[in-house]
Amino acid sequence: MSTSIDSRTRPGKPGRHERDGESPQEPGGTPPPAPPGPHDAGGTSERANVARLLLGLVGLIAVVWFAANAFLAFAYHPEWFADSKLLIGVLALVIGVGGAYLMFFFLNMFVEGMPGRLSRGVIPYAFLLPGFGLMAVMLLYPAIQTINYSFANADSTEYVGLDNYREIFGDSEFRQAIFNNILWLLIVPAVVVFIGLIIAVLVDRLSAQGEKIAKSTIFLPMAISFVGASAIWTLVYAYDDPSESPTGLLNAIWRALGGSPQTWLQESGLRLNSILLMVILVWLQVGFAMILLSSAIKGVPEDTLEAARIDGASEFQIFTKVVVPQIKGTIITVFITVLILVLKVFDIVYVLTNGRNETQVVANLFFKQLFQSDNAGVASSIVVVLLLAVTPVLIYQVRHFRREEAGR
Amino acid sequence: MTDLSKAPTAEAAITSPTAEETGRRPRMQKGLMADGRRRSPFSIITMAVVCVLWTLPTIGLLVTSFRSREAQGGTGWWTALWNGGWTVENYKGVFEGADLGGSLLNSVLVAVPATIIPIMFAAFAAYAFSFMDFRGKDLLFIAIVAVMVVPIQVAFQPLLNLVGPNGLGIQGEFIAVWLLHTGFGMPLAIYTLRNYMATLPKTVIESAKIDGATHFQTFWKLIVPMSVPALAAFAILQFLWVWNDLLIAKLFLNSDNSTVIVDLQGLLGAQGQGTELLPAGAFISIAIPMIVFFALQRYFVRGLTSGAVKG
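What counts, and where the lines are drawn
Residues numbered from 1 in each chain as written. Chains lettered and ligands numbered in written order. Predicted model: local features only at pLDDT ≥ 70, side-chain atom pairs only at ≥ 80, totals over all residues. Heavy atoms only, no water. Helix = DSSP H or I, 4+ residues; strand = E, 2+ residues; numbered from the N terminus. Contact = heavy atoms within 4.5 Å. Areas by Shrake-Rupley, 256 points an atom, 1.4 Å probe, with all protein chains shown as cover. 1 Å grid on protein atoms, 1.4 Å probe; cavity = no way out; pocket = protein on both sides within 12 Å on 5 of 7 lines; lining within 4 Å. Points joined across faces, edges and corners; volume = space filled by probe spheres on them. Nonpolar A, V, L, I, M, F, W, Y, C, P; charged D, E, K, R; others polar. Core = buried A, V, L, I, M, F, W, Y, C linked by side-chain atoms within 4.5 Å. Buried < 20%, exposed > 50% of the residue type's maximum accessible area, 1.4 Å probe, protein only. pLDDT = per-residue confidence, 0-100. Salt bridge = Lys/Arg side-chain N within 4 Å of Asp/Glu carboxyl O. Expected span 1.5 Å × (residues − 1). Bend = angle between axes of the 7 residues up to and from the residue. Polar contact = N/O pair within 3.5 Å; in protein donor to acceptor, adjacent residues only side chain to side chain. Phe/Tyr/Trp six-rings, centres within 6.5 Å; stacked < 30°, edge-to-face > 60°. Lys NZ or Arg CZ within 6 Å of the ring centre and 35° of its normal. Axes fitted to C-alpha atoms, helices over the stretch in contact; angles between N-to-C directions. Parallel < 35°, antiparallel > 145°, perpendicular 65-115°, else oblique. Left-handed = near helix turned anticlockwise from the far one by under 90°. Patch = residues over 30% accessible without salt bridge, like charges linked within 9 Å, V, L, I, M, F, W, Y side chains within 5 Å.

**Q** I would appreciate a short explanation of the overall build of chain A in the present structure.
**A** The number of helices and strands found in chain A is 16 helices and zero strands. In chain A, the share of contacts with a sequence separation of at least 24, taken over all contacts with a separation of at least 6, comes to 64%. By element, 66% of the accessible surface of chain A is carried by carbon and sulfur atoms, the whole surface being about 18,700 Å².

Structure representation (structure tokens):
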């Protein structure tokens, strides 16, 4: 994982270069870098620097106050900005980035103004604070509040104990959503990994040019939104009366084979419609699986393959007994990533069927309860169930991460 | 997001020929490729079929978007070559009538700040995780790993209250969405950037310290310039995520500010007049992330392989 992002930067090199540019030995004879001597830079002084403390604090408060008010003004008084969205957007970018810079600048100044030891102890937390603060407000607080709401009534004014949970588990639509989610979980990650693996093996046998084209083609849908994909696949699944010529690709093929036109997304027999929705997600995600698996396959040492060949193993045996065991880690990674995505699948179902004809899934049911039935209590309890369903994956991820870090 | 020790080659695999491929032979032998491997007709044919299958739905949308309302409803798009019905009116209509033009601008206005603003917050946190020692470091980072898995739906009801009329009163405005995307993008951003920074040599930081540079100076002068590939990788992921998002835009933006994805979803459910514009609108909404994707494919793949799990 440590080398995960970039193999080409050769981290050491630009760094050294950077340092060379600043070092005093440089022929140009430029003075040492901006920081003044080690003893008067704020971070290392052993006594508190009151001026820095004060300036830092005042600056910090001023910047946060100004940025917060500017952003609120965008919402409250668009007329101040000539009602121009573009102007507001540009100003938001400038104030957002500039404000963030100044905030860190003054925050850093404030911490550097503290006595040396205290300053060194506090500075990591100062760097973490804004990011974690945002996460606390946007994720932690709401998550706790949602758990809280799940024990309350529809408009969160009174506690109702476990009533919401009793209601959802007694609701056939919820049970159906759970059933469908399990179906999605069983089918989609496995199919994505399987197809991704096959494609990864096949592209490995193409010429360099062919491989590049094939990979880009399969990978492209990764950039398409779920809604865009739904628009694309609506055309595939479109229905036309038998008297008219088909406009949907699937019905055209089906009719060419002698079938009569079907309204595919309403056919719940054998959960055909759910499976057709899954096809869309598979189409979107196979590229991701292929890219990761392909790189893993390329990383399998040639000599292990050679040894197997000398032992007379067939290509299929080599693949299943030599290649697959060596890329198991990547297979699991892809599987888990798709699994997490599938647990939360929403857009495709919402856009194409909105849960009709037995295609309901948990995330869509949550949306329905929250915004069509306006029942915050029930909606919260649904999402808490979703949270519980994610927990095993979450624990797995954390453990996996710790193992990786230990091996670093 | 996990076993990515081999991930760097993914990028090389999609963007550039590997070393073995560059050592070309002077003359091609029959049945052999330029790099001397045996040609595999089975792979070539299967992959050609798969590629056609994979592209066909999108081509269908593209062709349909250039057909008149009657043609769209009357005949399949694959018959367009001989049945005709070609027109560019749909694209004109998208920008003039259907207001999708305004939504496109909204999408840009939502996506650009929501992509750029989180970066600095995350970069400072990633710096602290990579180059500083402090109590609770492991625990805090594990919290980030965990939060990336959590479905963002858990946050909606309380956040609706927070930005709603009884709270800040900013629901429906861009700022609400910028704020949400900044918060929701933070775990992924910190995780991606930290994983990259951890690969940078510690000695650079050490020597900067000896020269008397503070952390703040080291961050700006050394770490940020060295981290550009990771910053770009995150920016692309976040841009695609924000651009393609339906849920947050639908819940937290009013109809004046709605993004093209939300409009598209509305059109998908509609019947009658204006639906002929849908394929054109959908194609435009897809084209922009695709351009970003093609232009910056290298960074995009890099970002994916560095752990693109997001709630």
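**Q** What exactly am I supposed to notice about the layout of surface pockets here?
**A** Where empty space is left becomes clear once a probe the size of a water molecule has been rolled over the atoms. Considering only enclosed or pocket space, the largest pocket measures out at about 1,200 Å³ in volume. Lining the largest pocket are 39 residues, with Thr234(A), Ala238(A), Leu268(B), Ala270(B) and Gln271(B) sitting closest to its centre. Mapped by element, the contributors of at least two residues to the lining of the largest pocket are helix 8 (226–237) and helix 14 (347–352) of chain A together with helix 3 (41–65), helix 4 (69–74), helix 15 (260–269) and helix 16 (278–295) of chain B. Counted by class, the lining of the largest pocket contains 17 nonpolar, 17 polar and five charged residues.

**Q** I would appreciate a short explanation of the nonpolar core in the present structure.
**A** The nonpolar side chains of a soluble globular protein tend to be buried with one another. Ranked by internal contacts, the top residues of the largest apolar core, which has 231 residues, are Trp184(A), Met47(B), Phe156(B), Phe184(B), Ile190(B) and Phe252(B). Top element by residues in this core is helix 7 (residues 100–131) of chain B. It accounts for 19 residues.

**Q** I would appreciate a short explanation of the confidence of the model for chain B in the present structure.
**A** One rule of thumb: low pLDDT means the predicted coordinates there are not for detailed reading. Residue and element names in this part refer to chain B. Summing up the model confidence of chain B, the mean pLDDT is 83 and the portion of residues at 70 or higher is 86%. The spread of mean pLDDT over the elements of chain B runs between helix 1 (residues 8–15), the lowest at 42, and helix 3, the highest at 94. Across residues 1–26, where pLDDT falls below 50, the model places 77 contacts with residues more than four positions away in sequence or in other chains. The low-confidence segment residues 307–311 (pLDDT under 50) makes 26 contacts with residues lying over four places distant or belonging to another chain.

**Q** I tried to follow the pattern of salt bridges on my own but got confused; where do I start?
**A** Residues and elements named next belong to chain A. Applying the stated rule across the entire model yields 15 salt bridges over all chains. Among the salt bridges present, the one from glutamate 173 reaches lysine 368, with a minimum N-O distance of 3.0 Å. Here glutamate 173, found in helix 6 (residues 172–203), pairs with lysine 368, found in helix 15 (residues 362–371); they are 195 residues apart in sequence, far enough to count as distant. For glutamate 306, the salt bridge goes to arginine 309, with nearest N and O atoms at 3.4 Å. Of the two residues, glutamate 306 and arginine 309 both sit in helix 11 (residues 302–310), three residues apart, roughly one turn of that helix. Residue class for glutamate 306 comes out partly exposed when judged on its relative accessible area of 36%. For arginine 309, a relative accessible area of 34% puts it in the partly exposed group.

**Q** Mind showing me how you'd approach helix 10 (residues 174–197) of chain B here?
**A** Given 3.6 residues per helical turn, the α-helix brings residues three or four places apart onto the same face. All names here are of chain B. Between the first and last C-alpha of helix 10 there are 32 Å, a value that for 24 residues agrees with the 34 Å anticipated at 1.5 Å per step. The largest bend in helix 10 amounts to roughly 45° and is located at methionine 186, with the proline proline 187 lying one to four residues further along. Of all the 24 residues making up helix 10, 23 are buried; the element is thus mostly covered by neighbouring parts of the structure.

**Q** For this particular structure, what's the right way to read the interface of chain B and chain A?
**A** By a widely used convention, the size of an interface equals the accessible area lost when the partners come together. Opposite the 151 residues of chain B that make contact, chain A presents 141 residues. The tally of links between chain B and chain A comes to one salt bridge. In this assembly, chain B and chain A are joined by 13 residue pairs in polar contact (both at pLDDT 80 or more). With 16 residues, helix 10 of chain B is the largest single contributor of residues to the side of chain B that touches chain A. Considered class by class, the residues forming the side of chain B that touches chain A number 96 nonpolar, 39 polar and 16 charged.

**Q** Please clarify how unusual backbone geometry should be interpreted in this entry.
**A** Most peptide bonds are trans, and most residues other than glycine sit at a negative phi. All names here are of chain A. Its identity is not glycine, yet alanine 82 carries a phi of approximately 60°, on the positive side. Take alanine 82: it is sitting in the loop between helix 2 (50–76) and helix 3 (85–112). Under the relative-accessibility criterion, alanine 82 is labelled exposed at 61%. Here the phi dihedral of glutamate 358 falls at roughly 60°; this positive angle occurs in a residue that is not glycine.

**Q** What is the right way to look at the packing of aromatic side chains in this model?
**A** Each aromatic ring pair is characterised by the separation of its centres together with the angle its planes make. Inspection of the entire model under this criterion finds 40 aromatic pairs over all chains. Note on Phe346(A) and Tyr350(A): the rings are 5.1 Å apart at their centroids and 15° apart in plane angle, and the pair reads as stacked. On the basis of relative accessible area, Phe346(A) is assigned to the buried category, the value being 3%. Taken together through their ring pairs, the aromatic side chains of Tyr101(A), Phe104(A), Phe105(A), Phe106(A), Phe127(A), Phe121(B), Phe124(B), Tyr127(B), Phe131(B), Phe216(B), Phe219(B) and Trp220(B) make up a single cluster. A cation over an aromatic ring shows up here: Arg194(B) above the ring of Phe141(B), its NZ or CZ 4.4 Å from the ring centre.

**Q** Would you explain the packing of helix 8 of chain A against helix 10 (residues 272–298) of chain A in this entry?
**A** Each packed pair of helices is defined by two parameters, the angle between the axes and the distance between the axes. Residue and element names in this part refer to chain A. Two numbers describe how helix 8 lies on helix 10: the axes approach to 10 Å, and their chain directions differ by 125°. Classified by the angle their axes make, helix 8 and helix 10 are oblique. Where helix 8 crosses over helix 10, the two elements pack in a sense that is right-handed. Side by side, helix 8 and helix 10 meet where Phe226, Ala229, Ile232, Trp233 and Tyr237 of the first sit next to Leu276, Val279, Ile280, Leu281, Trp283 and Leu284 of the second. Classifying every residue of the contact of helix 8 with helix 10 gives eleven nonpolar, no polar and no charged.

**Q** What's the story with the environment of Met120(B) in this structure? I'm lost.
**A** Within the secondary structure, Met120(B) sits in helix 7. Classification of Met120(B) as buried rests on a relative accessible area of 12%. Along the chain, Met120(B) and Ile190(B) lie 70 residues apart, while their C-alpha atoms are 9.9 Å from each other. Not counting chain neighbours up to four residues away, the residues in contact with Met120(B) comprise Val97(A), Ala100(A), Tyr101(A), Phe104(A) and Trp220(B).

**Q** When you look at the environment of Ala249(B) in this model, what are you seeing that I'm missing?
**A** Residue and element names in this part refer to chain B. Note that alanine 249 resides in helix 14 (residues 247–252). Residue classification places alanine 249 among the buried positions, given a relative accessible area of 4%. Spatially, the C-alpha atoms of alanine 249 and isoleucine 261 are 8.3 Å apart, while their sequence positions differ by twelve residues.

**Q** Is there a simple way to think about the environment of Tyr239(A) in this case?
**A** Residue and element names in this part refer to chain A. One can find tyrosine 239 in the loop between helix 8 and helix 9 (249–256). Sequence separation between tyrosine 239 and leucine 265 is 26 residues; the distance between their C-alpha atoms is 9.4 Å. Discounting chain neighbours no more than four positions away, the residues touching tyrosine 239 are Asn251, Pro261, Gln262 and Thr263.

**Q** What am I meant to see in a nonpolar patch on the surface here?
**A** Taken together, Leu86(A), Val90(A), Val94(A) and Leu105(B) make up a surface patch of nonpolar side chains, about 340 Å² in accessible area. Within the fold, Leu86(A) resides in helix 3.

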